[in-house]
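Architecture at a glance
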Amino acid sequence: MDSEIVYDFSPVFIIYKSGRIERLTGETIVQSSLTPHNGVVSKDVVYSPGDNLSVRIFLPEKAAKTGEKLPLLVYFHGGAFIIETPFSPTYHTFLTTAVSASDCIAVSVDYRRPPEHPIPIPYDDSWTSLKWVFTHIAGCGPENWLNKHADFSKVFLAGDSAGANITHHMTMRAAKEKLSPHLSGSGISGIILVHPYFWSKTPVDDKDTTDVTTRSKSETLWRIASPNSKDGVDDPFINVVQAESVDISGLGCRKVLVMVAELDLLVRQDWCYAAKLERSGWKGEVEVMETEGEKHVFHLKNPDTEKAHELVKKFASFIKGDIYLSRSDSKPVKKHNGKF
C-alpha cells in the first residue's frame with residue numbers, strides 16, 4: 001500500500017496512499033553560524049518547545065558589536081505550505097542577503113506543514129511565533145539578540161508565496177488581537193508580500209488563467225494542505241481576493257509592498273489583491289512592484305541574477321524607508337498604473 005501513489009507532484013513531493021509524504025526538495029539543512037557570511041551571523045532559537053519549533057535569527061555582525069537597535073523583520077517561508085523550512089539553503093541564503101541589504105534583524109519562522117499538520121496549524125504556529133517575538137518588546141524576553149537589537153517601533157512582516165499568504169493573515173489578526181499588552185495598535189509597521197499565494201475557484205478577472213488543468217492542479221494543492229475545508233479554494237484563507245465576504249480593510253499596518261512576477265500563475269490574484277486593498281477603505285499605502293519576464297519566486301531559484309538583485313534592493317528599501325527606483329523592467333508601481 002505504501003508504494004501506491006495518490007498525488008505525484010514530482011520533483012517537489014509525492015504522497016502515498018498510506019498518507020506518507022516524500023518531500024523531494026527543501027529538506028536539506030544549512031546550519032546557522034556565528035561566523036559571518038555576507039556580514040551576517042545567525043542562530044536557531046526554540047519558540048515553541050511543546051511542538052519543537054524554532055526560529056532562525058539573522059543579525060548583521062556590526063550590530064552584534066555595537067549593540068545598535070535595528071528594524072525587525074519576521075519572515076514566513078513559502079512552499080505551498082507543504083515544503084521548505086527556514087533552515088534550507090534557499091531561505092538561509094535569501095534571509096542572509098536580505099538582512100545584509102536591509103540592515104535589520106530578522107526572525108525566520110518554522111511552522112508545521114501539511115499534510116501531517118493540516119491548515120490551520122501553519123497559521124496557528126505562525127501566530128505563536130509572533131507572540132513569542134513580541135515578548136521581547138520591553139527588552140526582557142528569552143532571547144538576548146531580540147532584547148538588545150530589535151527596534152519594536154519598526155516591525156515588518158514578510159513572506160513569499162504561502163508565506164506571503166500567512167503574512168497577510170497574521171497582519172489581519174494582529175489588528176484584532178493584541179500581540180503584546182505593551183501595544184496600543186497592531187505593532188506592525190508594514191508588510192512585504194512576495195508573489196503571494198491567493199486563489200479562487202473561478203478566475204479573479206478576465207486576464208486570469210482559464211486553463212482547466214492548471215486550475216485543477218492548484219485546487220489539488222490546496223486540498224492537500226487543507227483537507228478539512230468545506231469550501232475548497234473558496235476558503236477565506238486562500239480566497240482573499242475574489243470573495244466579497246472577505247473584508248481586508250482592517251489590515252493592521254500602514255504600508256504594503258506587493259511584489260508580482262509577470263509570468264507567475266498568481267500574477268492576476270496579486271494585482272487584484274492590491275486593487276481590493278486600495279478600494280477597501282484601508283487607511284494605508286499599497287505599492288506594487290512587477291518584475292517583467294519572470295515566474296513565481298524566480299529570485300529564490302536564481303538569486304544571482306540582476307532581476308533578483310533588483311527585488312532584494314526594493315525589499316531592503318521598503319524596510320529602510322528609502323526611496324528606491326529600480327530598472328524599468330522591474331519597476332515599483334504605486335497605485336494601479338493601469339494594471340488593476
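As named in an unreviewed UniProt entry, the chain is carboxylesterase, taken from Brassica carinata. Taken from UniProt, the Catalytic activity (unreviewed entry) comment for the chain reads in full: "a carboxylic ester + H2O = an alcohol + a carboxylate + H(+)". Entered under Function (unreviewed entry) in the UniProt record, the comment concerning the chain runs "Carboxylesterase acting on esters with varying acyl chain length."

1. A short note on the overall build of the chain
When its secondary structure is counted, the chain shows nine helices and twelve strands. Taking the principal axes of its C-alpha atoms as reference, the chain extends roughly 55 × 50 × 40 Å. The buried share of the chain, taken over its 340 residues, is 56%. Of the contacts formed within the chain by residues at least 6 apart in sequence, a portion of 71% connects residues at least 24 apart. Accessible surface computed for the chain: about 14,400 Å², of which carbon and sulfur atoms make up 50%. Distance between charge centres in the chain, computed from 39 positive and 43 negative side chains, equals 4 Å.

2. What to know about unusual backbone geometry
Apart from glycine, the bulk of residues carry a negative phi angle, and the bulk of peptide bonds sit in the trans form. Of note, the bond from Ser10 into Pro11 is cis; its omega dihedral lies within 30 degrees of zero at 5 degrees. Although it is not a glycine, Ala80 adopts a positive phi angle of roughly 60 degrees. Relative to the assigned elements, Ala80 resides in the loop between strand 6 (70-76) and helix 2 (89-102). Using a relative accessible area of 17% as the deciding quantity, one classes Ala80 as buried. In the Ramachandran plot, Ser161 falls in the positive-phi region, its phi being about 55 degrees despite a non-glycine side chain. In this fold, Ser161 is placed in the loop between strand 8 (150-160) and helix 5 (162-176). With relative accessibility at 7%, the residue Ser161 sits in the buried group.

3. Looking at the confidence of the model for the chain
Looking at the chain as a whole, its pLDDT mean stands at 94, while 94% of the residues score no less than 70. Scored below 50 in pLDDT, residues 326-338 shows 35 contacts in the model against residues more than four places distant or in partner chains.

4. Here's the deal with the sheet that holds strand 2 (residues 13-16)
Reading across from one edge, 1-2-3 is the order of the three strands in this open sheet, with antiparallel pairing throughout. In this open sheet, the two strands that pair with only one neighbour each are strand 1 (5-9) and strand 3 (21-23). Averaged over all pairs of adjacent strands, the angle between their axes in this sheet comes to 10 degrees, without regard to strand direction. By the bridge criterion, three bridges tie strand 2 to strand 3 in an arrangement that is antiparallel. Counterpart to Ile14 in the pairing with strand 3 is Glu22.

5. Examining the pairing of strand 1
Across a regular strand the side chains alternate sides, sitting on one face of the sheet and then on the other. Bridge analysis of strand 1 against strand 2 gives four bridges, and the strand direction is antiparallel. Along strand 2, the bridge assignment pairs Tyr7 with Ile15. Counted between consecutive antiparallel strands, the loop separating strand 1 from strand 2 contains three residues.

6. Structural notes on the packing of aromatic side chains
When we look at a pair of aromatic rings, we describe it by the centre distance and by the angle of the planes. Inspection of the entire model under this criterion finds eleven aromatic pairs. Between Phe81 and Trp222, the aromatic rings sit 6.0 Å apart at their centres with planes inclined by 70 degrees, giving edge-to-face as the arrangement. Pair noted here: Phe81 is in the loop between strand 6 and helix 2 and Trp222 is in helix 6 (residues 212-225), with a separation of 141 residues, a long-range link. Of the two residues, Phe81 and Trp222, both sit in the buried class. Taking the centre distance of 4.2 Å and the plane angle of 10 degrees together, the rings of Tyr123 and Phe237 count as stacked. A residue pair is termed long-range when its members are at least 10 positions apart, and Tyr123 in helix 3 (residues 121-133) and Phe237 in the loop between helix 6 and strand 10 (255-261) qualify at 114 residues. By relative accessible area, Phe237 is classed as partly exposed at 27%. Over the ring of Trp145 we find Lys43, and its NZ or CZ is 4.4 Å from the ring centre. For the cation-ring pair, Lys255 lies above Phe318, with the distance from its terminal atom to the ring centre recorded as 4.4 Å.

The rules behind the values
Throughout this description, residue numbers start from 1 for each chain and increase along the sequence as written. With the structure being a predicted model, the display of local features is reserved for residues of pLDDT at least 70 and the display and counting of side-chain atom pairs for 80 or more, all residues being used for whole-chain, interface and lining totals. As a convention, hydrogens and water are excluded, and side-chain values are obtained from all of the structure's heavy atoms. UniProt positions are given in the numbering used here, feature names are shortened, and annotations may be inferred rather than shown by experiment. Here a strand is any run of E in DSSP of at least two residues, a helix any run of H or I of at least four, and the numbering for each starts at the N terminus. Burial classes follow relative accessibility: with a 1.4 Å probe on protein chains only, a residue under 20% of its type's maximum area counts as buried, one over 50% as exposed, and anything between as partly exposed. Note on definitions: a residue-residue contact is assigned when non-hydrogen atoms from the two residues lie within 4.5 Å. Surface accessibility in these figures is a Shrake-Rupley result with a 1.4 Å probe; residues are shielded only by whichever protein chains are displayed. Working convention for charge: Lys and Arg count positive, Asp and Glu count negative, and His plus the chain ends are omitted. The location of each charge is read from NZ of Lys, CZ of Arg, CG of Asp or CD of Glu. How sure the predictor is of each residue is captured by pLDDT, a score from 0 to 100. In this analysis, strands are considered paired if DSSP registers two or more bridges between them. Axis angles are defined between N-to-C directions and span 0 to 180 degrees, where every axis is a line fitted to C-alpha atoms and, for a helix, only to the segment in contact. Any Phe, Tyr or Trp ring, taking Trp's six-membered ring, that has another such ring centre within 6.5 Å forms a pair; planes under 30 degrees apart are called stacked, those over 60 apart edge-to-face, and the others tilted. Our definition puts a charge over a ring when NZ of Lys or CZ of Arg is within 6 Å of the ring centre and also within 35 degrees of the ring normal.

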